[in-house]
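Coordinate analysis (summary)
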Amino acid sequence: MDQATFIERYYTERTGTNSLKWDLVEERFESRDLLPLWVADMDFKVADAITAEFKKRIDHSVYGYTFVPESYYEAYNQWMTTRFNFPIEKDWLRFTPGIVQALYYFMHIYTEPADAVAILTPVYYPFHNAVKDTGRKLVTVELINEANEFSIDFKAFEQAIIDQEVKVFIHCSPHNPAGRVWTEAELIRLFDICQKYDVLVISDEIHQDFTYGDVRHIPSATVANGQYRDMIITANSASKSFNLAALAHSNIVITNPVLRELYDQFAKTMIQTEANLFGVMATEAAYRDGAEWLETVKAIIFNNYETAKAKLTESLPNVTISPLQGTYLMFINLNPVLKGHNIVEFMQTRCGVAVDYGEWFGEGYEGYIRLNLATKPEFVDQAIDAIIREAKKI
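The numbers attached to residues start from 1 for each chain and follow its sequence in the written order. Since the coordinates come from a predicted model, pLDDT governs what is reported: local features require at least 70, and pairs of side-chain atoms require 80 or more to be given and counted, while whole-chain, interface and lining totals use all residues. Side-chain measures were taken over the full set of non-hydrogen atoms in the model, leaving aside hydrogen atoms and water.

1. Overview of the sheet that holds strand β14 (residues 356–357)
When DSSP finds two or more bridges between two strands, those strands count as paired. Strands here are runs of E lasting at least two residues and helices are runs of H or I lasting at least four, both read from the DSSP assignment and numbered beginning at the N terminus. A sheet is described by the order of its strands in space; here four strands give the open sequence β11-β12-β15-β14, paired in antiparallel fashion. Two strands in the sheet have a free side with no partner beyond their single neighbour: β11 (320–321) and β14. Strand direction decides the pairing type here: β11 and strand β12 (residues 329–333), joined by two bridges, are antiparallel. Note that in β12 the partner of Thr320 across the bridge is Asn333.

Laid out in structure tokens, this is it:
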């Protein structure tokens, strides 16, 4: 299906549907009539295969206790094997109502209060919150930022682990908001350090399906033919890939039986819920029959990125933009055109756009914005045109 036909068929108005992104924008940003390009979900209806499964269940009209069927494990294993060369054994899998919730669980399971947990900043702000909210010590290591192209400072990372006696590293792969898809060479260096100092790696791979061109996501557990997998817990979900966030269902892959037993012991006292029925159904349907839908969505997203980048580069050449290797989030440094003006006033009052702000992801990123590209091109054009128009007035 071509992009125009897809947008006509699947784009949907979300205002008035209790949408966090659209209907809570005034509460979150204290401003009305903003174009919401902030929280990371999409404005497209889900793949037809998901809707078809829901209709069957609605016609049945019973939503009692359920379990995860064998067909789910088969669909998930097939997706992970064919796309990422990561065959999944059923015994490795656990389920949580979202990856953020899983991070909070992991803090309690694998660390003690005041233990040090490292993250690479700027990074998704719930990483910060999960560490601080549970009384652990947050250790931030800055990514190297060269004109908004990001890489890992391995020397600083190792030194921080030594100095702070880090117990756990929360890894973001692909990286949000930097848009990086880490190479195997980078991952080997990173995990060598973690292995050397017995640091557990929690790898958030929720954006695994969003890579572009020749770039490919490498699951952390498969790096160097699985050399590090027993020190890695992988968290992924169909929620970003197929716009299922409210269905509260994520996959946790724990290959190490000792780490699994620790998880299960915690679950006995703290996690007494079944997997979400509709989350399980949607994920299975997506992995079984959603590939074509996803590829078209990715094409729309990358087209939005290329158009936005071209406009900004031509009109505001001093603005720097992170190359979009992964995710559907565009990270932009507007400081060269702000000339000291307040970023919130610029984006909201002048441009009329709601975005995630750089300082939410790490110190020193004031003047940066993260723009959600998973919507129809007209909205991205509107936001970029407003940024260009208002920047030229400063």
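Right, picking up where we left off after that structure.
2. Side note on the environment of Asn335
With respect to the helices, strands and loops of the structure, Asn335 is situated in helix α15 (residues 335–338). C-alpha separation for the pair Asn335 and Lys393, spaced 58 residues apart in sequence, amounts to 15 Å. Not counting residues up to four positions away in its chain, the partners in contact with Asn335 are Glu366, Gly367 and Tyr368. A polar contact is formed between the side chain of Asn335 and the side chain of Asn333, at a distance of 2.9 Å. Contact criterion: two residues are considered in contact whenever any of their non-hydrogen atoms come within 4.5 Å of each other. Here a polar contact is recorded for every N or O atom pair within 3.5 Å, except that within protein the pair must consist of a potential hydrogen donor and a potential acceptor, and residues adjacent in sequence are included only if both atoms are side-chain atoms.

3. Looking at the domain arrangement of the chain
Domain limits in this description derive from either an automatic procedure or a database domain assignment. Split by domain assignment, the chain resolves into domain 1 (3–48 + 291–392) and domain 2 (63–289). Each of domain 1 and domain 2 has a C-alpha centre, and the two are 25 Å apart. Tallying the contact residues gives 35 residues for domain 1 and 35 residues for domain 2. Note on domain 1 versus domain 2: buried area summed over both sides is about 2,900 Å², and carbon and sulfur give 57% of it. If you sort the residues of domain 1 by the area they bury against domain 2, Gln325, Thr327 and Phe361 come out on top, with a joint share of 23%. In what follows, salt bridge is the name for a side-chain nitrogen of Lys or Arg lying within 4 Å of a carboxyl oxygen of Asp or Glu. Our count for the domain 1 to domain 2 interface comes out at one salt bridge. The shortest N-O distance in the salt bridge between Glu295 and Arg83 comes to 3.3 Å. Breaking the side of domain 1 that touches domain 2 down by element, the ones donating at least two residues are α14 (291–315), β11, β12 and β15 (368–372). In terms of residues, the side of domain 1 that touches domain 2 owes the most to one element, α14, which gives seven residues. Gly is put with the polar residues, along with every residue not named as nonpolar or charged; the nonpolar set is Ala, Val, Leu, Ile, Met, Phe, Trp, Tyr, Cys and Pro, and the charged set is Asp, Glu, Lys and Arg. Of the residues belonging to the side of domain 1 that touches domain 2, the class tally is 20 nonpolar, seven polar and eight charged. Note on definitions: buried area is the accessible-area loss of two parts on being combined, 1.4 Å probe, summed for both.

4. Describing the packing of aromatic side chains
Side-chain rings of Phe, Tyr and Trp, where Trp is taken by its six-membered ring, are said to pair if the distance between their centres is within 6.5 Å; with planes under 30 degrees apart they count as stacked, over 60 as edge-to-face, and otherwise as tilted. Tallying each qualifying case throughout the model produces 38 aromatic pairs. Ring geometry for Phe242 against Tyr287: centres 6.3 Å apart, planes inclined by 80°, an arrangement best described as edge-to-face. Here Phe242 is found in helix α11 (residues 239–242), whereas its partner Tyr287 is found in helix α13 (residues 277–289), with 45 residues between them in sequence. By relative accessible area, Tyr287 is classed as buried at 5%. Clustering of aromatic rings is evident, with ring pairs tying together Phe29, Trp38, Tyr124, Tyr125, Phe127, Phe150, Phe331, Tyr357, Trp360, Phe361, Tyr365 and Tyr368. Only lysine NZ and arginine CZ atoms are considered, and such an atom sits over a ring when it is within 6 Å of the ring centre and within 35 degrees of the ring normal. When the ring centre of Trp79 is taken as origin, the NZ or CZ atom of Arg83, which lies over that ring, is 4.1 Å away. Between the NZ or CZ atom of Lys376 and the centre of the ring of Phe379, over which it lies, the distance is 5.0 Å. Think of it in three bands: with a 1.4 Å probe and only protein chains considered, a residue is buried below 20% of the maximum accessible area for its type, exposed above 50%, and partly exposed in between.

5. As for helix α4 (residues 48–60)
Under the convention used throughout, the expected extent of a helix is 1.5 Å for every residue step, that is, one less than its residue count. With 13 residues, α4 ought to run about 18 Å at 1.5 Å a step, and its terminal C-alpha atoms sit 19 Å apart, in line with that. Those residues of α4 not exposed but buried are Ala49, Ile50 and Phe54. All buried residues of α4 lie within an arc of 140° about the axis, which places them on one face of the element. Away from its buried face by more than 90 degrees, α4 exposes Lys55, Lys56 and Asp59. The elements touched by buried residues of α4 are α11 and α13. At the C-terminal side of α4, Ser61 shows a positive phi close to 65°. Of all possible arcs, the one meant is that of the directions from the helix axis to the C-beta atoms.

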